[in-house]
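# Breakdown of the fold
Spelled out, the chains give:
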Amino acid sequence: MAMMTVLIVYYIVLNISGFMMMGADKMKAIRNQRRIPERMLFRLALLGGAVGIFLGMKKFRHKTQHTSFTLGIPLICVVHGGLLATLAVMDG
């Protein structure tokens with residue numbers, strides 16, 4: 001399997017996880033349950049799940065009042081997009 005294929009599968013898995021974590025955290029917030037720590041969401045974003053977290057923010061209207069999320073998550077998306085573009089060019 002080519003490196004880019006593995007990387008794409010990696011990003012898909014992380015972004016689905018990020019989306020699902022945002023939905024789960026929103027439900028926990030509604031139910032007044034123990035929440036998913038913000039640092040865990042940011043770690044997942046930094047590892048490559050930022051797009052899923054961003055889409056989860058929009059879909060579930062969650063963390064949209066937190067400047068760290070409204071600025072930080074899109075910035076991480078841009079960085080990962082640049083990284084993927086660079087790797088795609090290097091891969092041929």
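Residues numbered from 1 in each chain as written. Predicted model: local features only at pLDDT ≥ 70, side-chain atom pairs only at ≥ 80, totals over all residues. Heavy atoms only, no water.

### Points about the nonpolar core
- Residues Leu41, Ala45, Ala50, Ile53, Phe69 and Ile73 are the most contacted members of the largest nonpolar core, which totals 15 residues.
- Elements with a minimum of two residues in this core: α1 (3-30), α2 (38-60) and α3 (67-91).
- A total of seven residues in this core trace back to one element, the largest contributor, which is α2.
- Excluding residues that lie within four positions of it along the chain, Ile73 makes contacts with Phe42, Ala45, Ala50, Ile53, Phe54, Met57 and Ser68. (Core = buried A, V, L, I, M, F, W, Y, C linked by side-chain atoms within 4.5 Å. Buried < 20%, exposed > 50% of the residue type's maximum accessible area, 1.4 Å probe, protein only. Helix = DSSP H or I, 4+ residues; strand = E, 2+ residues; numbered from the N terminus. Contact = heavy atoms within 4.5 Å.)

### Description of the packing of aromatic side chains
- Counting across every chain of the model gives three aromatic pairs.
- Relative to Tyr11, the ring of Tyr10 lies with its centre 5.6 Å away and its plane at 90 degrees, an arrangement referred to as edge-to-face.
- Taking the relative accessible area as the measure of exposure, Tyr10 reaches 35% and is therefore partly exposed.
- When its relative accessible area of 11% is taken as the criterion, Tyr11 is described as buried. (Phe/Tyr/Trp six-rings, centres within 6.5 Å; stacked < 30°, edge-to-face > 60°.)

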